[in-house]
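Coordinates in review
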Protein chains: 2
Amino acid sequence: MLRIITQQADVKAELQRICDRTHDEQVVHKEATVREVLQAVKRQGDKAVLHYTAEFDNQTLKLEELRVTGSELDTAYQQVSQELLQAIQLAARQIEAFHRQRVPKSWVNFGEDDVVLGKRYTPVDRAGIYVPGGRAAYPSTVLMNAIPAKVAGVPRVVMVTPPGAGKVISPAVLVAAQETGVQEIYRVGGAQAIAALAYGTETIPKVNIITGPGNIYVTLAKKLVYGTVGIDMLAGPSEVLIIADEFANPVHVAADMLAQAEHDPMAAAILLTTDPALAKNVQVAVERQLVDHPRRIDTEKAIAHYGLIVLVESLEAAAELSNEFAPEHLELEVKDPWAILPQIRHAGAIFLGYSTPEAVGDYLAGPNHTLPTSGAARYTSALSVETFLKHSSIIQYSPTALQKVAGAIDSLATAEGLPSHTDSVRRRIQQDE
Amino acid sequence: MLRIITQQADVKAELQRICDRTHDEQVVHKEATVREVLQAVKRQGDKAVLHYTAEFDNQTLKLEELRVTGSELDTAYQQVSQELLQAIQLAARQIEAFHRQRVPKSWVNFGEDDVVLGKRYTPVDRAGIYVPGGRAAYPSTVLMNAIPAKVAGVPRVVMVTPPGAGKVISPAVLVAAQETGVQEIYRVGGAQAIAALAYGTETIPKVNIITGPGNIYVTLAKKLVYGTVGIDMLAGPSEVLIIADEFANPVHVAADMLAQAEHDPMAAAILLTTDPALAKNVQVAVERQLVDHPRRIDTEKAIAHYGLIVLVESLEAAAELSNEFAPEHLELEVKDPWAILPQIRHAGAIFLGYSTPEAVGDYLAGPNHTLPTSGAARYTSALSVETFLKHSSIIQYSPTALQKVAGAIDSLATAEGLPSHTDSVRRRIQQDE
């Protein structure tokens, strides 16, 4: 049963508990396993990759089966329905259109004394995309990771995804990859996939950045290889926080909460509402919609442990609680969502109004669905084209410009005890050398 | 003696060795210490902070001495020369002017059927800046970290820096802080400072992002707390790569290499040149400039271990080697640096021409001097205003717009086995609920 609480003091502790749900003690033990996998793949390459794929994914691959073949890629198109193909194509178009907007561009400014300053943007050489697999298939994850890399202009995008029973990769995933131009796909998941992308093996290339969500092993591996390669973020279980007023439809709100909870027994679904009747009706609707839910057990677990309805005094109070939680997804199911928006400081994605369920953003509205979880929205953002770009500062000084700042550089370098810094300037402006 | 090499095969191995110079085995042992410090500060707060400050920095502070007082801040202005104050102010103005350019702004687009999509940028609530201290003082680090935070609009910027002998913080550092509006400064460094900022103590506030360079303990601590808070990057020892042609002045090139080497015995200084005479002359000039260098021993160590001159066949070959190394600082001391620039794919900052020593960028040209090291320029960039900003995706759909995409969402959600995703859309477009 989805709990309803009112006490302000309890609320903060409860929200904190839910926000911290990934930081459990088990992580320490799992980290040892992940370190072992990383070391083995670093030292033994493909051999270790195949070993752990057999051990963790129960799929005994031959070396030549590691990479998905051209004929598998071709066949995938025959295995998806026309409706699904069109849905993937629609989503791809809308995601690409959104990501093409406001991409940072290189620039230089020309200042006094021929000083030139600027920023030059370039893509990474190689990106690795992790797509979860096994029993489930996530074509949307492929689109949300590959499209920003493509828009950034990354020359080589590599995908890894764990094989399911019979060594199979979901045709929907293979189609989504091809629709975004990704042809280089390896049948490997877990920490061993992250290790292969970070260090390279005989078969799998070392990349510069690894993106995409995964389970706790994948996330731990990403944290450990960070520094050797870049990563997008450390993704935890998904979460939604809904702020709703008395005009929200409880059946819709309940469906949105379950759409979050059905992802994972660790998923969180929180409703903050000013209306006691809505709270009660959502509670009832959740129970009702759970009755014949195909994923009832896992979904019920998430609702029981990390589901919560909070009765708040005002929408302002709701916004402030939401800022403390910094949700991955925030739905503003209120009459005037734009009036509340300025009060929202931290949220991965914000869904405004009664007819914007999170699912529209999960799949095809355009903005990225790879979003910061567990409070990370306090300091970071959705995966974006910028994730695959970096910039170099551009600096050009003329002799005249250098002359004018030589004294100031001397003062600063002397204060910092770095004499050759001064020297490198002074020798250039004294023309006697 | 600065080595000169020519063999292409050796070059890649040598550059790799220099690039990897931080990834030593000692790190594993240091990590255990850092974990202990993090845990202690997390559990015991200020008490642990004071304990480790006594143990590692040899400064026994009383609790009330942890925060720098108003009178110390005032006094600092009397302790710096007028020249230094003006240099700090000039640098601050130029850094701020550069960082104010092209700051991302919130936007929304209005599409068909009243769909609204956009991005809303907001600063982090609290930023923590680490400034190295002890025997040295780095007012430039203060400016380079505090100014982007200020331009981003961060409401609360906190600084930490380890106390030197007599519990003193450098007046230049205190002045630089005040010139950028930072008044909240704590006398703590090392892993204990990072822990305090990540978890908060009774005295030091928990922040959302920690930026700034430090020694290996600070860097390890930043990596471990990443996820609890954001970090700018994992900074290693500094490095410069210089591409020079026959018209470059060997005395200037030598000074630039020493300006890098004098930072740290682990610093790297690499010259790639097409001209054997320049190579020889730089080698001689480095020896000469080292003779009475105030930091001779450490600087010589850096030059001996991580200094290198490589004779290359062409500037194109130099650019390609530079891309493999992905240097923090790249100087193009060639006749037409803009002709080579398009070939440069990975570099933290690029200094163009004969009269742009790195020192001008280190202090006051404007671009940030906090840059990716050890090859991290392959995937990341200078500290910037964006480091302190994050964005929320904005999505609003109308009932009509939702109706049009309902079928596609159904296909995708069904492929992914997420029935409540479909449900959350279908219940909204069936008006019988």
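Residues numbered from 1 in each chain as written. Chains lettered and ligands numbered in written order. Predicted model: local features only at pLDDT ≥ 70, side-chain atom pairs only at ≥ 80, totals over all residues. Heavy atoms only, no water.

An unreviewed UniProt entry lists chain A under the name Histidinol dehydrogenase, with Anabaenopsis circularis NIES-21 as the source organism. On record in UniProt, under Pathway (unreviewed entry), the comment for chain A is "Amino-acid biosynthesis; L-histidine biosynthesis; L-histidine from 5-phospho-alpha-D-ribose 1-diphosphate: step 9/9." Here is the UniProt Catalytic activity (unreviewed entry) comment for chain A, exactly as written: "L-histidinol + 2 NAD(+) + H2O = L-histidine + 2 NADH + 3 H(+)". (UniProt positions renumbered as here; feature names shortened; annotations may be inferred.)

1. Here's the deal with the domain arrangement of chain A
Per the domain assignment, the segments making up chain A are domain 1 (4-22 + 236-365), domain 2 (26-106 + 122-231) and domain 3 (397-429). Summarising the inter-unit geometry, the C-alpha centres of domain 2 of chain A and domain 3 of chain A are found 49 Å apart. (Domains from an automatic or database assignment.)

2. A word on the interface of chain A and chain B
Between chain A and chain B, the contact holds 122 residues from the first and 122 residues from the second. Carbon and sulfur atoms make up 58% of the area that chain A and chain B hide from each other, which totals about 10400 Å². Counting the contacts that link chain A with chain B gives 8 salt bridges. The partner of B:R345 in a salt bridge is A:D125, and the shortest N-O contact between them spans 3.0 Å. Summed over the shared surface of chain A and chain B, the result is 70 residue pairs in polar contact (both at pLDDT 80 or more). Here the side of chain A that touches chain B takes 9 residues from helix 16 (residues 399-415) of chain A, the largest share from any one element. For the side of chain A that touches chain B, the class distribution of residues is 63 nonpolar, 35 polar and 24 charged. Sheet analysis places strand 13 (residues 349-352) of chain A next to strand 14 (residues 389-396) of chain B, joined by 4 bridges and oriented parallel. Bridge assignment links A:F351 to a residue of strand 14 of chain B, and that residue is B:I395. (Contact = heavy atoms within 4.5 Å. Buried area = accessible area lost by both parts, 1.4 Å probe. Salt bridge = Lys/Arg side-chain N within 4 Å of Asp/Glu carboxyl O. Polar contact = N/O pair within 3.5 Å; in protein donor to acceptor, adjacent residues only side chain to side chain. Helix = DSSP H or I, 4+ residues; strand = E, 2+ residues; numbered from the N terminus. Nonpolar A, V, L, I, M, F, W, Y, C, P; charged D, E, K, R; others polar. Pairing = 2+ DSSP bridges.)

3. Notes on the side chain of B:Q260
Position of B:Q260 relative to the elements: it lies in helix 10 (residues 250-261). Setting aside residues no more than four positions away along its own chain, B:Q260 makes contact with B:S238, B:E239, B:V240, B:A267, B:A268, B:A269, B:H329 and B:E358.

4. Quick word on the pattern of salt bridges
The full count for this structure, using the stated rule, is 40 salt bridges over all chains. Linked through salt bridges whose partners overlap, the residues forming this network are A:E31, A:R35, B:E31 and B:R35.

5. Considering helix 8 (residues 190-199) of chain A
All names here are of chain A. Extensive coverage of helix 8 is indicated by the burial of 9 of its 10 residues. Those residues of helix 8 that sit buried are G190, A191, Q192, A193, I194, A195, A196, L197 and A198. Just downstream of helix 8 lies G200, where phi reads positive at about 80°. (Buried < 20%, exposed > 50% of the residue type's maximum accessible area, 1.4 Å probe, protein only.)

6. As for unusual backbone geometry
All names here are of chain A. For N58, which is not glycine, the phi dihedral falls at a positive 55°. In this structure, N58 sits in the loop between helix 3 (46-57) and helix 4 (70-79). Despite not being glycine, S374 has its phi angle at roughly 55°, a positive value. Structurally, the position occupied by S374 is in the loop between helix 15 (358-363) and strand 14 (389-396).

7. Examining the UniProt feature "binding site: Zn(2+)" (unreviewed entry) in chain A
UniProt records the feature "binding site: Zn(2+)" (unreviewed entry) at A:Q260, A:H263, A:D362 and A:H421, using the numbering of this structure. Annotated residues spanning 162 residues; largest pairwise C-alpha distance 55.9 Å, indicating distribution over more than one region. Position of A:D362 relative to the elements: it lies in helix 15. Assessed through its relative accessible area of 8%, A:D362 is described here as buried. Checked against the element boundaries, A:H421 lands in helix 17 (residues 419-429). The class for A:H421 is buried, based on a relative accessible area of 1%. Among residues more than four places away in sequence, those in contact with A:H421 are A:A413, B:A259, B:E262, B:H263, B:A359, B:D362 and B:Y363.

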